[in-house]
Amino acid sequence: MALNHQNMITFMFYEFLRISDSHYSGMSEYVQNLRSSETILFADYSQRLGRFFYDINPGVSFLTYRLRGMKAITHLTPRLQARMAYMIDRRQQLQFAVALGNTYPRINTINNVEQQIDPIIILKGNPEMDNSILLSPRLSYNLNLNKFGMEVGTTYFYQDHSIVSDYYIRDGHLISTFRDDCVYHKQSADISLTYKPSNYLNMQILGDWSRHMTRGEVEHRNLSSFSGSANLNYYVGDFSFGAWLSTPVKDLVDCQISRKTFWQYQLSAMWNHGNWAIEANANNLFLMKNRLEEEIETAVYSVNRTNCNRRNNQYATIKVVYNFDYGKKTSKSPQYQHAVSESAILR
């Protein structure tokens, strides 16, 4: 509905139905079923007042879910998405955004199955966990000077009733289950610098700092990290060349698992003429330490593991593309554009 003074109001209604089935086999046979329904109603109001613009999107979520053989559980949660922007001048802009939401249950955590997977470890779900609440405000500053652009921002992420893994000893066995009495915090700051001296050359540099904290009955974890990446593209005639480089990244997965990635890079070259396109990519060549390092430590259980993902292996690819024209009345296929390649090993 378009109102006066350049403002507008919109109503949105969503319904999500999720049905999950899990079949457990091994020492014991189980069948688990989870049905969850979430109804979300939003009212979106936006208005522009000179240099000031704002968009407010309040709403409510009604979530109900039920495991087979158990009573239904319901949660009524407020929702909010809001964005405000102030044009300082033609080249500068200040933005503020905030989001308030909730999660929905997953069968791998709230099931009521208890299963012994080896002589030591017993996996156990927890169907009595609460709904997680998410809050994330962000403040950013944008500057555009024709050939040069910059964005600086800071974000805070808060999650109440975070679902984390819980371990304890019972009758000589290690029980691996879940609990929700933890709070997860993430503070981050980022910067993006872009430079385009001509139509033939553009480059971008990204930098990020983050600090993760988990507070509650399970553990107290602090993790800080710096990371960055750079991207360069050059165009000449029918040819284009690209280079991408990323530093290692430290992260806290599932509010509890410390994960560290590795150096990565990709080189690409593409020739595009008429309906033909040929693209060559080299990914992580000569980099041998493409390992994901993960660590978790609790009072009764700790593990250090190293994973190797074939997607990040050293490989080179060549793509040959030809676009067919189907006739005058049929629109042509979009022009082939360079995208991040994937290893042919996965296909």
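Residues numbered from 1 in each chain as written. Predicted model: local features only at pLDDT ≥ 70, side-chain atom pairs only at ≥ 80, totals over all residues. Heavy atoms only, no water.

(A) Local environment of the overall build of the protein chain. Helix and strand content of the protein chain: one helix and 20 strands. With respect to the three principal axes, the spread of C-alpha positions in the protein chain is 70 × 60 × 50 Å. Within the span of the protein chain, comprising 347 residues, buried residues form 33% of the whole. Within the protein chain, contacts between residues separated by at least 24 positions form 56% of all contacts whose residues are at least 6 apart in sequence. Summing over all exposed atoms, the protein chain offers an accessible surface of approximately 21,400 Å²; the carbon and sulfur share of this is 57%. Taking the 35 positively charged and 31 negatively charged side chains of the protein chain as two groups, their mean positions are separated by 9 Å. (Helix = DSSP H or I, 4+ residues; strand = E, 2+ residues; numbered from the N terminus. Buried < 20%, exposed > 50% of the residue type's maximum accessible area, 1.4 Å probe, protein only. Contact = heavy atoms within 4.5 Å. Areas by Shrake-Rupley, 256 points an atom, 1.4 Å probe, with all protein chains shown as cover. Lys, Arg positive; Asp, Glu negative; His and termini not counted. Charge placed at Lys NZ, Arg CZ, Asp CG, Glu CD.)

(B) Structural view of the confidence of the model for the protein chain. For the protein chain, per-residue confidence averages 87 on the pLDDT scale, and residues scoring 70 or more make up 91% of the total. Counting interchain partners and residues more than four positions distant, the pLDDT-below-50 stretch residues 336-347 has 28 contacts. (pLDDT = per-residue confidence, 0-100.)

(C) The pattern of salt bridges, seen in detail. The full count for this structure, using the stated rule, is nine salt bridges. Linking Glu151 and Arg138 is a salt bridge whose minimum nitrogen-to-oxygen distance equals 3.4 Å. Placement of Glu151 in strand β9 (residues 148-170) and of Arg138 in strand β8 (residues 133-145) is noted, with a sequence separation of 13 residues between them. Under the relative-accessibility criterion, Glu151 is labelled partly exposed at 29%. (Salt bridge = Lys/Arg side-chain N within 4 Å of Asp/Glu carboxyl O.)

(D) Quick look at the sheet that holds strand β15 (residues 257-260). If you trace the four strands from one edge of the open sheet to the other, you get β14-β15-β18-β19, paired in antiparallel fashion. This sheet does not close on itself; its edge strands, each paired only once, are β14 (250-253) and β19 (302-307). Mean inter-strand twist for the sheet, computed between neighbouring axes without regard to direction, equals 20°. Sheet topology note: the β15/strand β18 (residues 292-297) ladder contains three bridges and is antiparallel. Paired with Arg259 across the two strands is Glu294, which belongs to β18. (Pairing = 2+ DSSP bridges. Axes fitted to C-alpha atoms, helices over the stretch in contact; angles between N-to-C directions.)

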